[in-house]
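# Coordinate inspection notes
Spelled out from the first residue to the last, the chains are:
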Amino acid sequence: MPLSEHEQRMLEQMERALYAEDPKFATALEGSGLRTYTRRRVYQAVAGFLVGIALLMAGMVAQQVWLSVVGFLVMLGCAVLAVTGWRKAPKPGEQPQAAGAGPQAARRQGRQKRSMMDRIDERWQRRRDEQQGGQ
């Protein structure tokens, strides 16, 4: 059963108060959460990227094109994992929000539902309005 808005606000206030009073303890409590998982994933991706570089170099030295291609693909995949993992990691003292929790999540979902063409049209209109206002 999901928490009501009032209960969510109260929980957020309690979390903020805990971080304000004892940030070290609060950080220790969240140690096994999403932030640790994403940090570990980024470290693994960096290690995989280094393995990809080694494969790429080994393929070049051995004159095996397929090995170099595999190394490049490993590097590319690990770079994507590292970047996506880094972006998803919550900041220290910030709790990850569940889908549909709070007004920020609703705004994010609204932004995602708009089509790309709508966003392009909106930007085009904004630029045209700015140019007309400046002349």
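About the criteria used
- Residues numbered from 1 in each chain as written.
- Predicted model: local features only at pLDDT ≥ 70, side-chain atom pairs only at ≥ 80, totals over all residues.
- Heavy atoms only, no water.
- Helix = DSSP H or I, 4+ residues; strand = E, 2+ residues; numbered from the N terminus.
- Buried < 20%, exposed > 50% of the residue type's maximum accessible area, 1.4 Å probe, protein only.
- Contact = heavy atoms within 4.5 Å.
- Areas by Shrake-Rupley, 256 points an atom, 1.4 Å probe, with all protein chains shown as cover.
- Polar contact = N/O pair within 3.5 Å; in protein donor to acceptor, adjacent residues only side chain to side chain.
- Patch = residues over 30% accessible without salt bridge, like charges linked within 9 Å, V, L, I, M, F, W, Y side chains within 5 Å.
- Salt bridge = Lys/Arg side-chain N within 4 Å of Asp/Glu carboxyl O.
- pLDDT = per-residue confidence, 0-100.

## Focus: the overall build of the chain
Tallying secondary structure elements over the chain gives six helices and zero strands in all. Secondary structure of the chain in N-to-C order comes out as α-α-α-α-α-α. Considering the chain as a whole, with its 135 residues, one finds that 15% of them fall into the buried category. Intrachain contacts of the chain at a sequence separation of at least 6 include 48% that bridge at least 24 residues. As displayed, the chain offers around 11,000 Å² of accessible surface, 62% of which is attributable to carbon and sulfur atoms.

## Quick word on the side chain of Ser68
Along the polypeptide, Ser68 turns up in helix H4 (residues 65–88). Here the side chain of Ser68 touches Met60 through a polar contact of 3.3 Å, landing on its backbone nitrogen. Not counting residues up to four positions away in its chain, the partners in contact with Ser68 are Leu55, Leu56, Gly59 and Met60.

## Topic: a nonpolar patch on the surface
Residues Val65, Val69, Phe72, Leu73, Leu76 and Val80 make up a contiguous nonpolar surface patch of about 570 Å² in total accessible area. For Val65, the location among the structural elements is in helix H4. The class of Val65 is exposed, set by a relative accessible area of 63%.

## Let's talk about unusual backbone geometry
A positive phi is found at Gln63, a non-glycine position, where the angle reads about 55°. Along the chain, Gln63 falls in the loop between helix H3 (34–61) and H4.

## Observations concerning the environment of Ala45
Its location among the elements puts Ala45 in helix H3. C-alpha of Ala45 to C-alpha of Leu76: the two residues are 31 residues apart in sequence and 10.0 Å apart in space. Excluding its chain neighbours within four sequence positions, the residues that come into contact with Ala45 are Cys78, Leu81 and Ala82.

## Structural notes on the confidence of the model for the chain
Confidence in the prediction for the chain averages 75 pLDDT; 67% of positions are at 70 or higher. The low-confidence segment residues 96–102, where pLDDT is below 50, has nine contacts with residues more than four positions distant or belonging to other chains.

## Examining the pattern of salt bridges
Applying the stated criterion across every chain yields a total of two salt bridges. A salt bridge links Arg16 to Glu12, with the nearest nitrogen and oxygen atoms 3.8 Å apart. Within this pair, Arg16 and its partner Glu12 are both found in helix H1 (residues 5–21), separated by four residues, close to a single helical turn. Taking relative accessible area as the criterion, Arg16 reaches 54% and is therefore assigned exposed.

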